[in-house]
Structures are given as structure tokens and as C-alpha cells.
Amino acid sequence: MSEDLHLKTTEINLPKFLKTSLKDQIILNVKIPPLSNSHLIRTYKIMARAQNTHAIVNAGFNFHVDKNQKILTSNIVYGSISPTYNHARNVENILKGQPLFSDETLRMALVKLQEDIVPLDDPSEPSPFCKKAIALGLFYKAILSLSPSVNPRYASGGSELVRPLSSGIQSYETDKSLWPLNQPVPKLEALSQCSGEALYSCDNVSGPRDVHVAFVLSTICLGEIVQFDTTEVLKIPGVVAFLSAKDIPGTNSFIPKDEQFEEEILASKKISYYGQPIGLIAAISRKLAIKAAGLVKVSYKKYDTKPVLSITEALNAPDKQNRIREDVTIKATDKGNETTHTIKGHYYIPDQYHFTMETQSCRAELTRRGIRVWSATQWMDLVQIAVARSLDLPLNSVDVSAGRVGGAYGGKASRSALPACAAALAAHALGRGASLVMPLTDNMHAVGKRQAARFEYELGVNNDGVIQHADIVYYSDCGYSYNDSSGSEIASTMANLYDTSRWNIKGYSVLTDKAGNTWCRAPATTEGTAIAEHLMERISHITKKDPIDIRKINIAPKHNKVKDMIDTFKMDTNYNDRRAEIEKYNATNAWKKKGLQLTIMSYPIVYYGNFSVTISVYHADGTILMSHGGIEMGQGINTKAAQVCAYTLKVPLSMVTVRGSDNFVSPNSMASSGSITSEAVAFATVKACNELLKRLETVKEELDEPTWQEVVKAAYDKGINLQVNAMTSQLDNLVGYPVYGVCSAEVHLDVLSGTHIINRVDLLEDTGRSLNPDLDVGQIEGAFVMGLGLWTTEHLIYDASGQLLTNRTWTYKPPGACDIPVDFRISFSRNSINNNGVLGSKATGEPAFVLAVVVVHALHEAIVEARKEYGYNDTEWVHVDTPYCVENIIRGISPNIKSYKLK
């Protein structure tokens, strides 16, 4: 430690409510004049993500040492261990008179700490094992950081990971002759959204008689409703009404398709999961409605059955025959005879909450001919049908509008019909406008998540790593309803890149006692890609060959383009040189480890459904107004539609405006999902524009080099219709295509704390000829970062009663601004035009999500390197549970204090 920097503890006056838990944790570091005796201080805070969250463990260490570095007194304090353990007084006592920087003192202190630290077991927090391991690691880290002399291999363990300022590079080509098509322009609504001026579904001004609505949610998982007691709640001033299933005039289901399973809007009797909507409270304010909903007294008849909350529990349940549905069987058409290695294992892809800016919400009001609904939905058609049937109205009496949605990711497809039906019911029953905006906690309880998936597999491979046979069985967790199951599609995604002629695949959907799970960004493709890439890693490990070579040798011939992309990518990113540097770094640093890995994808794009476009041209100035059947939910669909329109009509982009969507202008439209909507709307836009140009041909021929405004005015004078409509449908026979990608991630792992930084990500995607490179870069970056959340920080935890414990940002951790890659480089394939797509483009909304699994592979490499420092000589594959959060990283490393040394 430098001569002029000495630190002391300064007393701090704390608020009363903090004194019992934080008094010993808060240490102020200040410079003071040099003394013969020194105070050496270190403080740490280990968190589940980089910022805006509470600590897993925090610690402060203050050592008062004499000139011989013997300990006079010490303060060793911890937070987040337990309410009764903040101060390690036993350790402080045994350290008196001991030399601070000796291996014997270190070992003695660690052994005593290991005995004394008994973390509280809170299921919503990391486990006691994790907290104890971190607490011990932080003590060692503090000693390393303060010691004037340590083994050079151990020295870096004393420092914390330092994250530089984020930076990024985007590399793509544009053709200015096509502009405004292919032009990187900002999203049309960007400024209004950033300034807060953009309006969402429930931003309409409420009238004096309008009500706010909140769900009453069940507080048991399995049972029946006996009765409601709302006597006291309805006496509260401002509470207007309580509504239950008996108040629904039509069908009590928000899933309107006859072939699907019924999901009740409000449970009529049977309770199927904890947090299921069972009633509605209407009040004069949102805050009051939410409060009153929690005060409704409900009597239940609870079943004795233990809730089934995971795939493993479902497979072992007494009624498993009623919970397991076989979805798909694919049999191998070939079998190799050179098996030299057999691999067995299992793999789990976690569930994930759709963490949107705007929760599920809707506003409804009565009109003279029915009801008008402003819904935060990806699927206007389904909302229209569900509301109409629940209120026993004809469909032409239900108007649905969706101006924009504040994020969706699949969670506002079928699930958006639930709040829409609830708001419409309140408006219909009370004759008043009604708004429903679900609180985050209610949203997380009542609405299903990404479907988790479990894979079990056995592979046979030869010495080169070529798969000779594969038997794979997977199970997809649907929650309590099969309605949105994507289980059957997982198998086809698994077979989308590699040669699977020797693979036997069986897929099952599984029912559990949770809210009905649904599609989440890149459904099925995330699971299918993740397991295929995991298998390549397993093969690489057992054959001791480069995982990139294993991937290349197993790629199906029809996807050979990916091999060329890999070679180009490795050269452009200096992959081999960086790997050599990382191997050197790992050899010379015991307690910091790096990993660099690569993954690939072939993402299947399939067209489906109807998407209409209506274009109106105004004769007075020639400006253009568009509306379409897609939903603007952050992907920039309106901007791309305007660009395509301007390009096709050869007018400036500034002349085109896109209004919000509704089911009158764009009836019968499919859900905006699967990344295809922007392209489908673009295709319909071209059709509509070509029809308009055809109408204007004769007028244009009569004029001498007319301007657009002159053509429009002449057409109007001749009585030519200046409004056109077109639709993309199955009749257009649009051909699907693969989206190829290659991605590498470099991670930096702090072995002693289990935290990591993503130093750099390089991502190459074949985007075709992008309609708007700026938007597509944003989509790729956003998809990848959401994937990071799935694989590293987001963890849904339920207790034994079925209650979701991680139901708010205090316990559920989507990634933040400092969890993204420090150096984020996005590149588009050069000279790429998609002949099967629309105007040469390829979809970008979802594909990059599946590439985020590369971070798991890089972290796994770092974990394996870390285990070597603890004496593990791993010949078998090291299994690490997903997600790779701090807890699971610590478990994977399995630290041992016997390895903690100074010399």
C-alpha cells in the first residue's frame, strides 16, 4: 500500500431503521496523514447484476496493524448473511496479534469464518452455500488486495472487475440508389417515445365517470372458490363494484378458438394456479382499485394435492399420464457404425418473464353500436373475438385499436385477451369507461412465461466428432394449459442446421400447476438451437477437438454457407489470436479467468397469416397516410412500411405518415409475431403501391414530367380513387428462408465472487439487403441482450405452495445497462440479397436472441478453468445449472478454502 494513503473508519449517524442491519457495513474511506500504525480497509458489494439491485453479500474489512503488519484490532462485517450475523467477532478475536499477511493467519481466519457464517435460507435469494462461498471469497480477496507481496498468479484475485465505458461498432453496407429503402433512418416515433409524448393504450384521458379496474388474484394454487366476501371492501369510498365470473354475459374464456383448451377470464369455481384471476374490483382510481382488490376476502376449499411446479415433478407425479402429451416423433433415416465415444446427459432451458415497459393493459368504453377497446395487444383479431364472445356481442360491435405497444415479445399475443375481456366486462356491466393496467407483481403472477424445456440425450460419435446416432427426448413446460405450446416446433429447429439424419427425437408438452405459459421471443428456436449447440460442446469435450471444427463437420450440406461465414468471421475478429491470449491469461491468473467461445445459427423464417395495408393519398398536397394490420411494438414496423411506400411511389419519406392499427381498417389480421410482420406488411405495401401506380399511369402520360403532387391532383380531378388496399396472405406463396448467424463472446470471470463482465461480443448476421440498417442493428442488439437475461440473470423461483417468489425487480433481475457487452460489434453479411424475402431483406426481430447462448459456453470455459485452481482434474463434463447466474456459477466452480493462499 502506498505511503501516503492510509484509511480510517469514520463514525456515521444512521437512520434508526438502518442501524440494526447496516451500522457495521457502512465504511467511509478517507485519506489521513501517515501514521506508524495503519488502518487497511476494503469494502465489497456482490450483486446478481451490475447495478440497480441489492447485494447477494456485502462486506467490509478494516485491519488496524502495527509497523510489523501484526493485527492490533480488526473489523470484519457482512451484510445479507442473516439478521443475527453482521459482525465476525470470533474471527476478530483470534486475529489479534497475528501477522496479517501470512498463509497461516489466512487459513485460520477462513476456517473460523466457515464455521461461524450460517446464512439465512431464503428461497427467493441465492442459497446459503452460495452466500457462504462468496463471503469467504471476499475475505480472501480483501487480504490479497492489501498484501504488499503475493504470488503473481494470485494477485489479480485482489482486484475487482472494472467495467470500461460501453462502446459498439455497427458494420453494414447501403445502396444510396435505393434510398429511402435501405437507408439507416431513425424510427419515426423515436423522439416522441423518448420525450414521453407517445401515447399507449391506457393514456387516453379518463372521463369523470370512468373507473379503474384491478384483478383479484387467487392466493392458493389448487382448490375451489367457496365464496367471496366483499362487504367491507364495497364500503370503501371510491370503490364502485366487484365483478365475478357470474357477471360475464357470454362465454367465460379469453381463448376464443373452439379447438383450443378453455382458459377462464375469471375462475368460476376451480383454481388451477396461484395468482389466477378470480374477480375484478372497479374503483375511481387505479391505486384504490389495486388496494381494494387485495382486501377482498375469499373462502377456498383447498385440495390436498401438492402442486406440480416443474417438468421433473410432472414426470414423477401420480397423474403424469394426464400431464404429458406426445407432440412429435422423428425417426433417424441413417445410422453410423463408427461410434467410439458415447455421451449421456441432460440440459435445461429456463423459463423467462416477458419484461416489457408496459404491462398487460387495456381501456374499454361503450359506444352507440357496441364497445371500443384500446388494447396493448399483438393480436387485434383474437382480442376482438374474445371480447365479442365474452359479452355475447356480434364482432361488428367490437372496435379494437392498438396504436402502439410498449414491448410485447409474445406475451401480448393470446395473453392480451385476458385484460381486454376484463376491461370490457367492467365497461359493459357498469356502463362506464374502464381502464385496466396490471401492476408488475400481478402481471408476473397471473400471466404465463416462456416455456421452460428439459432435454435428455444419448449420443454416439466417432473420433472426428461426427454424430453416429442420437436419441433425444425433450419436455416443454406449458403451465396449466396446452394452448400456446411450442413443443412440436422445437424438434424442427433442432434439425434446421446440423445433419440430423441419424437423430431420433421425441418431444412432449407437459402440464404444470402454473399460469398458462406462452410464446416468448424466439419460441422453440431458442430451445432447439440451445440444445444443438450444447451437444456440439459436449462432443468437443469428449473428443478434445476445437468446438468450431465439431460444428463445421456436423453441418448439413445445404447449410454450407455457414462454414464460409465462420471462416470470414474468425479472420475479421482475430479469433485465433484472441484465444491464444486468453489461454496465456488463464495460465498466469488463478482467480480471474477468461473465456472465448463461438456459436452459430440457422433461424427458420416461415410466413403465415393475413396482413393488410391501406394507403390514402390526399389531393391537396399529395401527402400519404398509411395503416396496416401489424402492431408497432418497438420493432420499427411503421418506419419500414413508410420507407417501402416512399421507395415504391418515388416520393420523399417525409410525405408518408403511418397511423395506428385498428380492426376496421385492417380486419382479420394475424398476430404480429415470428419476426415476419414487417416483411409481410412491406409486401402488402408494395402490392398496394403498385395498384395505385397502375391507376395513375394514364394521368401521368398526359402530363409533361409532372411532379407527384401534380399527378395526384390530376387523378383526383378525373375521379380516380386515391385509396388502395392490399393484403399479404397464404395465396402469395411467400417462401420461407433461413437466417444465418455467427457470434462470439469473450467473458471475464471473477472466480472469488462469481461475477462476470462480458468484455466483447462480435455478431455477424445474414440480414439480406436490410430495409433499414439502423432499425435492424437495434433489433439484433436488443434480441441478444434479452437472451443474456435468459441465460445469466433472470431466474423464476416458486415456493412449495405454487407462489412466484421472484415477482418484482427486487428479486427478478433482467439485465441492465452495465450487463450488456462492454464492446458490442454488429456486422451484416456483405453483398447479401435474399431472393426469397421481400425486397431482398431478411427478418431480424428474433434470430439474434438464440445466439446469446454463446455467453453460456464462454462462461462454462471460464468455470472449468477456475476449477483447476481448486484441484479439480475434470475428465467428465462439468454440469452447470442454467441460468449462469452468480449462484450457479459458484456451484459450478465448487470453491474450497484450502486453495486460498498468498505465497
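Residues numbered from 1 in each chain as written. Predicted model: local features only at pLDDT ≥ 70, side-chain atom pairs only at ≥ 80, totals over all residues. Heavy atoms only, no water.

A. The layout of surface pockets, seen in detail. For the second largest pocket, the calculated volume is near 1100 Å³. Surrounding the second largest pocket, 44 residues form its lining, H795, L796, I797, T882 and P883 being those nearest its centre. Of all the secondary structure elements, the ones that give two or more residues to the lining of the second largest pocket are β2 (55-65), α8 (311-315), β13 (341-349) and α23 (886-893). Per-element tally for the lining of the second largest pocket: the top contributor is α23, with 4 residues. Tallied by class, residues from the lining of the second largest pocket come to 19 nonpolar, 13 polar and 12 charged. (1 Å grid on protein atoms, 1.4 Å probe; cavity = no way out; pocket = protein on both sides within 12 Å on 5 of 7 lines; lining within 4 Å. Points joined across faces, edges and corners; volume = space filled by probe spheres on them. Helix = DSSP H or I, 4+ residues; strand = E, 2+ residues; numbered from the N terminus. Nonpolar A, V, L, I, M, F, W, Y, C, P; charged D, E, K, R; others polar.)

B. The arrangement of the packing of helix α17 (residues 637-649) against helix α18 (residues 677-702) in detail. Two elements in contact, α17 and α18, have axes whose closest approach is 9 Å; the angle formed by their N-to-C orientations is 30°. Accordingly, the angle class assigned to the pair α17 and α18 is roughly parallel. In this structure, the crossing between α17 and α18 has a hand that is right-handed. Packed against α17, whose contacting residues are I637, K640, A641, V644, C645, T648 and L649, the element α18 presents T677, S678, V681, A682, T685, V686, C689, N690, L692 and L693 at the interface. Grouping the constituent residues of the contact of α17 with α18 by class yields 11 nonpolar, 5 polar and 1 charged. (Axes fitted to C-alpha atoms, helices over the stretch in contact; angles between N-to-C directions. Parallel < 35°, antiparallel > 145°, perpendicular 65-115°, else oblique. Left-handed = near helix turned anticlockwise from the far one by under 90°. Contact = heavy atoms within 4.5 Å.)

C. Region of the structure containing the pairing of strand β1 (residues 38-47). Buried residues dominate β1, accounting for 7 of its 10 residues. With 10 bridges joining them, β1 and β2 adopt antiparallel strand pairing. Paired with K45 across the bridge in β2 is N58. (Buried < 20%, exposed > 50% of the residue type's maximum accessible area, 1.4 Å probe, protein only. Pairing = 2+ DSSP bridges.)

D. The arrangement of the sheet that holds strand β5 (residues 167-171) in detail. Spatial strand order, β5-β29-β28-β27-β21: 5 strands in an open sheet with mixed pairing. Sheet topology places β5 and β21 (592-605) at the edges, where each strand pairs with a single neighbour. The mean angle between the axes of side-by-side strands here comes to 10°, regardless of whether they run parallel or antiparallel.

E. Summary view of the side chain of S672. With respect to the helices and strands, the residue S672 is situated in the loop between β25 (661-662) and α18. Within the local environment of S672, its side chain forms a polar contact with the backbone nitrogen of I631, the two atoms lying 2.8 Å apart. Leaving out residues up to four positions away in the same chain, S672 has contacts with Q378, G629, G630, I631, M633 and T677. (Polar contact = N/O pair within 3.5 Å; in protein donor to acceptor, adjacent residues only side chain to side chain.)

F. Spatial organisation of the packing of aromatic side chains. Under the criterion given, the structure shown has 22 aromatic pairs. With 5.8 Å between their ring centres and 85° between their planes, Y140 and W591 make a pair best called edge-to-face. With a gap of 451 residues between them, Y140 in helix α4 (residues 128-146) and W591 in the loop between α16 (575-588) and β21 connect regions that are remote in the sequence. Residues Y140 and W591 agree in their burial class; the two are buried. Aromatic rings pair up to connect Y44, F61, F63, Y78 and F139 into one cluster. Between the NZ or CZ atom of K650 and the centre of the ring of Y647, over which it lies, the distance is 4.6 Å. (Phe/Tyr/Trp six-rings, centres within 6.5 Å; stacked < 30°, edge-to-face > 60°. Lys NZ or Arg CZ within 6 Å of the ring centre and 35° of its normal.)

G. Structural detail: the sheet that holds strand β10 (residues 277-283). Strand order in this open sheet of 8 strands is β8-β10-β6-β17-β14-β15-β16-β25, and the pairing throughout is mixed. This sheet does not close on itself; its edge strands, each paired only once, are β8 (239-243) and β25. Helix α7 (residues 286-293) contacts β6 (211-217), β8, β10 and β17 (434-437) of the sheet and is inclined by roughly 25° relative to β6. Contacting β6, β8, β10, β14 (361-367), β15 (370-375) and β17, helix α10 (residues 417-430) crosses the sheet at an angle of about 30° to β14.

H. How the structure looks around the pattern of salt bridges. Tallied over the full model, the rule gives 44 salt bridges. Put simply, R325 and D327 hold a salt bridge, and the shortest N to O gap is 2.9 Å. Of the residues examined, D327 reaches a relative accessible area of 22% and is grouped as partly exposed. Between R363 and E365 there is a salt bridge, with the nearest N and O atoms lying 3.2 Å from each other. The exposure class assigned to R363 is buried, which follows from its relative accessible area of 3%. Among the charged side chains, a salt-bridge network with shared partners connects R578, E746, R760 and D762. (Salt bridge = Lys/Arg side-chain N within 4 Å of Asp/Glu carboxyl O.)

I. Local environment of the nonpolar core. Core analysis: the largest hydrophobic core is formed by 179 residues, its most contacted members being Y78 and F139. With 12 residues, α4 is the single largest residue contributor to this core. The residues contacting F139, other than those within four sequence positions of it, are F61, F63, I76, Y78, L106, A109, L110 and L113. Of all hydrophobic cores here, the second largest spans 49 residues; its members include V213, A417, A422 and A427. (Core = buried A, V, L, I, M, F, W, Y, C linked by side-chain atoms within 4.5 Å.)

J. Here's a closer look at unusual backbone geometry. Of note, the amide linkage connecting W179 to P180 takes the cis form, showing an omega dihedral of 15°. Mapped onto the fold, P180 is located in the loop between β5 and α6 (190-194). The peptide bond linking T882 to P883 adopts the cis configuration, its omega dihedral lying at 0°. If you trace the backbone, P883 turns up in the loop between α22 (854-869) and α23. Despite not being glycine, N574 has its phi angle at roughly 55°, a positive value. Here N574 lies in the loop between α15 (561-572) and α16. Residue classification places N574 among the partly exposed positions, given a relative accessible area of 44%.

K. Representation of the packing of α4 against α23. Taken N-terminus to C-terminus, the directions of α4 and α23 make an angle of 75°; their axes are 9 Å apart at the nearest point. Considered as vectors, α4 and α23 are oriented roughly perpendicular to each other. Taken together, the residues of α23 that come into contact with α4 (itself represented by F129, C130, A133 and I134) are V886, E887, I890 and R891. A breakdown of the residues in the contact of α4 with α23 according to their chemical character gives 6 nonpolar, no polar and 2 charged.

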